[in-house]
Amino acid sequence: MKTGSWKKRLFACFIFLLGLYVLWLGTILLRQRARREIPAAKRPSTHEVQGVYHIHTTFSDGRQPPEKVVAAASRQHLDFIILTDHGNPNRASLAGQGWKENVLVLAGSELSVSRGHLVALDFRPPDGTFAQNAEEAVQEVAAEGGFTVIAHPFSKTRWSWGGFTGYAGLEIADSDSMIKQNFWRAIPYLPALLLSPRIFLLKTLERPSQTLRKWDEMAAKQAVYGYFSADAHLAYETLFSCFRLHVLLGEPLAAEFERARAQVFNSLRRGAFYCAVDSARPAGGFIFWAERQRSHFPMGSTVPLAPSSRMQFRAEAAFPFAVQTCLLRDGEVVLRSEGPDISFSSGRPGVYRVEICLRGGSPLARDFPWIISNPIFIREDGL
Ligand SMILES: [Zn+2]
Ligand SMILES: [Zn+2]
């Protein structure tokens, strides 16, 4: 009898705890479902397009053929995608560029070079292959009109650093590595994988402190831009909702393919873009710039410091939810503001960039920046 009642109590206890767990998870999912309906912020006059960078298809080790990847991008209303199939270069992927299902499909190649994985973009396909040596490959890609981004520097194929500084960018966070490294963090949300995979994905995100530190260190010496990378091999639609690049153009995206391709790549080369976790909240409409007298310097600019003059750094957006905005100089927070708008005056050189964190019931980890801007570089020597 005694054993029976003990078992009954244990069972009742288990059911109670299970009930609490289901209630907790259910509340999280329902809350996020309701928040999804929040409209995107009103856009300022810049012409912003949203897309996803670093995608694999069946042209290399991705699970889906390009047509299905494009269909997923179209369902997510992306303006562009950048395929980066492995290869040296991946000619099949390059040949498939164009406007498809209202999505601008661009392609580069992920090269396996001596220091790790290097993404080459916007190059003319060479007659042969690019060098295996990283520094030579960067120069050869540049000779074909292209530029390069260091892929997943601290995970998977780790980048081995050297003194060379000719890279145009580096990936500051990639979802593939986050899922693999932090799967355990998201285990309590495992059932969400079936109902709302994006919530599960958000729970695997952890502030990429090491990569951000390295980026700040590199940026102190050269203009180098930060990329959120999907590194998508499967679950394309979920990944497309998550890590996006918001690219700011000088004019609306052209209907003609070559023109549109040049517009997106030219903005990426200039650092005129910011990274955002759009599945946590829609992040469109953010702008960050510096001004001096009547001159404006957009995100990505390198500005020589004029003697005894001050720069005004400004950020603006109209997000209808709570955010905390930080302005960083050389990786240190110099201004923290509740709300998206900031204005900060400084006469000091340095690398200035913005991080915005969500507040109030966000599904995103508190310390994972929802938006990371590209920097404005204020140089004493103007380099
Ligand atoms: Zn890789
Ligand atoms: Zn990859």
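An account of the accompanying structure is given in this report. Everything quoted here is computed from the prediction, not taken from an experiment.

Quick notes on the rules
Residues numbered from 1 in each chain as written. Chains lettered and ligands numbered in written order. Predicted model: local features only at pLDDT ≥ 70, side-chain atom pairs only at ≥ 80, totals over all residues. Heavy atoms only, no water. Helix = DSSP H or I, 4+ residues; strand = E, 2+ residues; numbered from the N terminus. Rg over C-alpha atoms; globule rule 2.2 N^0.38 Å. Contact = heavy atoms within 4.5 Å. Areas by Shrake-Rupley, 256 points an atom, 1.4 Å probe, with all protein chains shown as cover. Lys, Arg positive; Asp, Glu negative; His and termini not counted. Charge placed at Lys NZ, Arg CZ, Asp CG, Glu CD. Buried < 20%, exposed > 50% of the residue type's maximum accessible area, 1.4 Å probe, protein only. Arc of directions from axis to C-beta. Polar contact = N/O pair within 3.5 Å; in protein donor to acceptor, adjacent residues only side chain to side chain. Patch = residues over 30% accessible without salt bridge, like charges linked within 9 Å, V, L, I, M, F, W, Y side chains within 5 Å. Salt bridge = Lys/Arg side-chain N within 4 Å of Asp/Glu carboxyl O. Pairing = 2+ DSSP bridges. Axes fitted to C-alpha atoms, helices over the stretch in contact; angles between N-to-C directions. Donors = N, O, S within 2.8 Å, 3.2 Å for Na, K, Ca; no water. Tetrahedral: all angles 85-135°; square planar, octahedral: opposite > 155°, others 65-115°.

## Thoughts on the overall build of the chain
- Scanning the chain from terminus to terminus reveals 10 helices and 21 strands.
- A globule of 383 residues ought to have a C-alpha radius of gyration of about 21 Å, and the chain, at 22 Å, matches this closely.
- Counting only C-alpha atoms and orienting by the principal axes, one finds that the chain spans roughly 85 × 50 × 40 Å.
- In the chain, once contacts between residues fewer than 6 apart in sequence are set aside, the share between residues at least 24 apart is 70%.
- For the chain, the exposed surface amounts to about 17,100 Å²; the carbon and sulfur share of it is 56%.
- The averaged location of the 36 negative side-chain charges in the chain is 10 Å from the averaged location of its 44 positive side-chain charges.

## Quick look at helix α4 (residues 134-143)
- When we look at burial in α4, the residues that qualify are Ala-134, Glu-135, Ala-137, Val-138 and Val-141. Viewed along the axis of α4, the buried residues span an arc of 160°, placing them on a single side of the element.
- Considering only its buried residues, α4 is in contact with β5 (109-113), β6 (116-121) and β7 (147-150).
- Put simply, Asn-133 is the residue that caps the front of α4, since its side-chain oxygen is 3.1 Å from the backbone nitrogen of Glu-135.

## A closer look at a nonpolar patch on the surface
- Taken together, the side chains of Phe-11, Phe-14, Ile-15, Leu-18 and Val-22 make up a nonpolar region of the molecular surface, amounting to roughly 500 Å² of accessible area.
- Position of Ile-15 among the secondary structure elements: in helix α1 (residues 2-35).
- The exposure class assigned to Ile-15 is partly exposed, which follows from its relative accessible area of 42%.

## With respect to the sheet that holds β6
- The five strands are arranged β5-β6-β7-β8-β9 in an open sheet whose pairing can be described as mixed. Looking at strand neighbours, the two that pair on one side only are β5 and β9 (225-229), the edges of this open sheet. Each strand of the sheet is rotated relative to its neighbour by a mean of 35°, with strand direction disregarded.
- Together, β5, β6 and β7 form the strand contacts of α4, whose direction differs from that of β6 by roughly 5°.
- Across the sheet, helix α10 (residues 257-270) lies against β6, β7 and β9, angled at about 125° from β9, the strand it touches most.

## Re the coordination of the zinc ion (ligand 1)
- Coordination sphere of the zinc ion (ligand 1), protein contribution only: Glu-110 (OE), His-117 (ND1) and His-152 (NE2), at 2.0 to 2.2 Å.
- Sequence positions of the donors to the zinc ion (ligand 1) reduce to the motif E-x6-H-x34-H.
- You can call His-152 buried: its relative accessible area is 2%.

## So, the coordination of the zinc ion (ligand 2)
- Donor atoms from the polypeptide that bind the zinc ion (ligand 2) are His-54 (NE2), His-56 (NE2), Glu-110 (OE) and Asp-231 (OD), placed at 2.1 to 2.4 Å.
- Each of the four donor atoms around the zinc ion (ligand 2) contributes to a set of angles spanning 81 to 170°, which defines the coordination as irregular.
- Between the donor residues of the zinc ion (ligand 2), the gaps in sequence give the motif H-x1-H-x53-E-x120-D.
- A distance of 3.5 Å spans the gap from the zinc ion (ligand 2) to the zinc ion (ligand 1), which Glu-110 bridges by coordinating each metal. Of this pair, Glu-110 sits in strand β5 while Asp-231 is found in the loop between β9 and α9 (236-242), placing the two residues 121 residues apart along the sequence.
- Judged by its relative accessible area of 2%, Glu-110 falls in the buried class.
- Relative accessible area serves as the criterion here: at 2%, Asp-231 is assigned to the buried category.

## Describing the sheet that holds strand β13 (residues 295-298)
- In spatial order, the strands read β13-β12-β15-β18; together these four strands make up an open sheet with antiparallel pairing. At either margin of the open sheet sits one strand with a lone partner, and together these are β13 and β18 (342-346). In this sheet, adjacent strand axes meet at a mean angle of 25° when their direction is disregarded.
- As judged from the four bridges shared by strand β12 (residues 287-292) and β13, these two strands associate in the antiparallel manner. Of the residues in β13, the one forming a bridge with Ala-290 is Phe-297.

Just distances and angles here, no functional claims.
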